[in-house]
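These are the residues of each chain, in order.
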Amino acid sequence: MLFTYAQSLPIDTSTDFIPDKYYDYSDYRTVSRYASQAVGWCVNKGIINGSNGKINPQDTATRAEVATMLMNAEPILNDKSNTNEPDKQPIPDTEPENTANSESTSDAEIITDEIEQRPTGHSAVDAYDGYWDYDLSNATFDAINDLREQNGLERLAYSLQIQEWADIRSKELVGAYDDKLYDAHMRPDGSVFASVGKGCNTENALLTTLPGYAQENLNMWYASTGHRENMLNTRSKTAAVSAYVRGQKIYVIQLFNILTVEELNNL
């Protein structure tokens, strides 16, 4: 609740992640997947301090523990320096200069979606005999946006930056699914998936096989409550899907982000 409220202010909840601080708790793996980013943020901000080296995420909280978390959160939620809101500019006392001959800065020039620029076909085969299938990625992205539209939600904007991050994550799934080196939503260096790029707030992952179909990917995610909630979440503004193919296996990621295309391009 505190994490969601912080995002609504809006406070930048994607920065200052300190993996060691979160993973120092011996029971961090018992945190539910959907809550890991929120709990990680609360731990790193000092809102949650645990007890005897544990977070105890599956236990009930006492009234005193809740009160402590609220008191710890108050200065963080009231700190204006943590917000993403731009500084308010003073209203000029004089009429603005005539800019009819100057360069236009209308909203029409602000890039809000890069869907026309997304890659198609297959990438070149990499050193691991794998490649990215962008036709499958794009079809899956479009199917999910159609699902959102059917549920009365806005379509997610496509971002080339998020595509780059999603391609990294889909390839990292090989180590998770095949080699069992880490959880599917963790990364090879031990950090959570969100460390791949600023603003990434959730992701869907799956392992399927060739030939691969967009509707099949959608159906598998839709059958899971958590994955379905991710596809229909209202916090994200942008996203991309990546399908990495190696042998007969397809490693698919949908990566969601709370930043706009314009904000991502200004990073």
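Before reading further, recall that the structure is shown in the block above.
Please read all numbers here as calculations on a predicted model, not as lab measurements.

### Notes on the overall build of the protein chain
Alright, step 1. Scanning the protein chain from N- to C-terminus turns up nine helices and five strands.
Alright, step 2. Traced from its N-terminal end to its C-terminal end, the protein chain shows the element sequence α-α-α-α-β-α-β-α-β-α-α-β-β-α.
Alright, step 3. Buried positions account for 43% of the 267 residues belonging to the protein chain.
Alright, step 4. Here the analysis covers contacts within the protein chain between residues at least 6 apart in sequence; of these, 67% occur between residues at least 24 apart.

### Side note on the pairing of strand β3 (residues 200–209)
Alright, step 1. Among the ten residues that make up β3, eight are buried, leaving the element largely enclosed by the rest of the structure.
Alright, step 2. Here β3 pairs with strand β5 (residues 249–257) via nine bridges, running antiparallel. When the bridges of β5 are listed, T209 appears paired with K249.

### With respect to the pattern of salt bridges
Alright, step 1. Under the definition given, this model contains eight salt bridges.
Alright, step 2. Measuring nitrogen to oxygen at the nearest pair gives 3.0 Å for the salt bridge that ties K171 to D126. Within this pair, whereas K171 is found in helix α6 (residues 160–177), its partner D126 is found in the loop between α4 (63–78) and β1 (130–132), the two being separated by 45 residues in sequence.
Alright, step 3. Taking the relative accessible area as the measure of exposure, K171 reaches 26% and is therefore partly exposed.

### Points about the packing of aromatic side chains
Alright, step 1. Tallying each qualifying case throughout the model produces four aromatic pairs.
Alright, step 2. Aromatic pair F3 and W41: ring centres 5.8 Å apart, planes at 65°, arrangement edge-to-face. Within this pair, whereas F3 is found in helix α1 (residues 2–8), its partner W41 is found in helix α3 (residues 36–44), the two being separated by 38 residues in sequence.
Alright, step 3. Residue W41 is classed as buried on the basis of its relative accessible area, which comes to 3%.
Alright, step 4. Seen from their ring centres, F141 and Y158 are 5.8 Å apart, and the 85° between their planes marks the pair as edge-to-face. Placement of F141 in helix α5 (residues 134–150) and of Y158 in strand β2 (residues 157–158) is noted, with a sequence separation of 17 residues between them. Here F141 and Y158 have matching classes, each one buried.

### Regarding the environment of G247
Alright, step 1. Along the polypeptide, G247 turns up in the loop between β4 (238–246) and β5.
Alright, step 2. By relative accessible area, G247 is classed as exposed at 52%.
Alright, step 3. Considering only alpha carbons, one finds G247 and G130, 117 residues apart in sequence, at a separation of 7.3 Å.

### Notes on the pairing of β5
Alright, step 1. Across the nine residues that make up β5, a large majority, eight, are buried.
Alright, step 2. Inspection of the sheet shows β4 paired to β5 by nine bridges, in the antiparallel sense. Within the sheet, the bridge partner assigned to S242 lies in β5 and is I253.
Alright, step 3. Linking two consecutive strands that pair antiparallel, namely β4 and β5, is a turn of two residues; a positive phi of about 65° is found at G247 within it.

### Points about α5
Alright, step 1. Spanning 17 residues, α5 covers 24 Å between terminal C-alpha atoms, matching the ideal 24 Å at 1.5 Å per step.
Alright, step 2. Every buried residue belonging to α5 is among Y134, L136, S137, N138, T140, F141, A143, I144, N145, L147 and R148, and all of these are buried.
Alright, step 3. Here α5 starts with a cap whose side-chain oxygen sits 3.2 Å from the backbone nitrogen of D135, and that cap is D133.
Alright, step 4. Positive backbone phi, at 75°, marks G152, one or two positions downstream of α5.

### Some words on the side chain of N204
Alright, step 1. On the secondary structure map, N204 appears in strand β3.
Alright, step 2. On the accessibility criterion, N204 (0% relative accessible area) is buried.
Alright, step 3. There is a polar contact of 2.8 Å between the side chain of N204 and the side chain of N230.
Alright, step 4. In this structure N204 touches W221, H227, N230, M231, V252, I253, Q254 and F256, once residues within four positions along its chain are discounted.

Criteria and cut-off values
Residues numbered from 1 in each chain as written. Predicted model: local features only at pLDDT ≥ 70, side-chain atom pairs only at ≥ 80, totals over all residues. Heavy atoms only, no water. Helix = DSSP H or I, 4+ residues; strand = E, 2+ residues; numbered from the N terminus. Buried < 20%, exposed > 50% of the residue type's maximum accessible area, 1.4 Å probe, protein only. Contact = heavy atoms within 4.5 Å. Pairing = 2+ DSSP bridges. Salt bridge = Lys/Arg side-chain N within 4 Å of Asp/Glu carboxyl O. Phe/Tyr/Trp six-rings, centres within 6.5 Å; stacked < 30°, edge-to-face > 60°. Expected span 1.5 Å × (residues − 1). Polar contact = N/O pair within 3.5 Å; in protein donor to acceptor, adjacent residues only side chain to side chain.

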